[in-house]
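Structural features, examined
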Amino acid sequence: MEQIVKVRSLLPDGKARVVHVRQSACSGDCHKCAGCGAAEETLELTAENPIGAAPGDVVILESASAPVLRGAAVLYVLPILLFFAGYLLGTGFRAGALGGCAGFLAGLALAVLYDRKVAAQKQTVYTITGFAKP
């Protein structure tokens, strides 16, 4: 996954602190639709800096796609699969809906546990791969 970020500072270990400003999907034109008033969110990340970018440079930041896709599967697919598994197991006991709900809640619990595990490991590696064109 690629994002355009700005280098804030350099770190002594060859890494850089970069800043990425997340904007809402509606691009912040809330006055046009009397909308949500979504605020921008600023993220500060540490990234490998093999190209020697300097503070103030606008660069391309890459991260691996696999952890994001794995997280999406755990969050979205697992609860649905467990819902259907619980429903099918529950129909034998005439409690299909109850079994489905239990399976869905188990899937959500597993997603929360997975999220906490990933957050504790902090294994996402960001790498500056090039300079962004103005």
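About the thresholds
Residues numbered from 1 in each chain as written. Predicted model: local features only at pLDDT ≥ 70, side-chain atom pairs only at ≥ 80, totals over all residues. Heavy atoms only, no water. Helix = DSSP H or I, 4+ residues; strand = E, 2+ residues; numbered from the N terminus. Contact = heavy atoms within 4.5 Å. Areas by Shrake-Rupley, 256 points an atom, 1.4 Å probe, with all protein chains shown as cover. Buried < 20%, exposed > 50% of the residue type's maximum accessible area, 1.4 Å probe, protein only.

With respect to the overall build of the chain
- Helices and strands together make up the secondary structure of the chain, namely three helices and five strands.
- The order of α-helices and β-strands along the chain, N terminus first, is β-β-α-β-β-α-α-β.
- Long-range contacts, defined here as pairs at least 24 residues apart, represent 69% of the contacts in the chain between residues at least 6 apart.
- For the chain, the exposed surface amounts to about 9,400 Å²; the carbon and sulfur share of it is 63%.

Digging into the environment of G86
- You can see G86 is positioned in helix α2 (residues 66–91).
- Under the relative-accessibility criterion, G86 is labelled buried at 12%.
- Sequence separation between G86 and G103 is 17 residues; the distance between their C-alpha atoms is 4.8 Å.
- Aside from chain neighbours lying at most four places away, what touches G86 is G96, G99 and G100.

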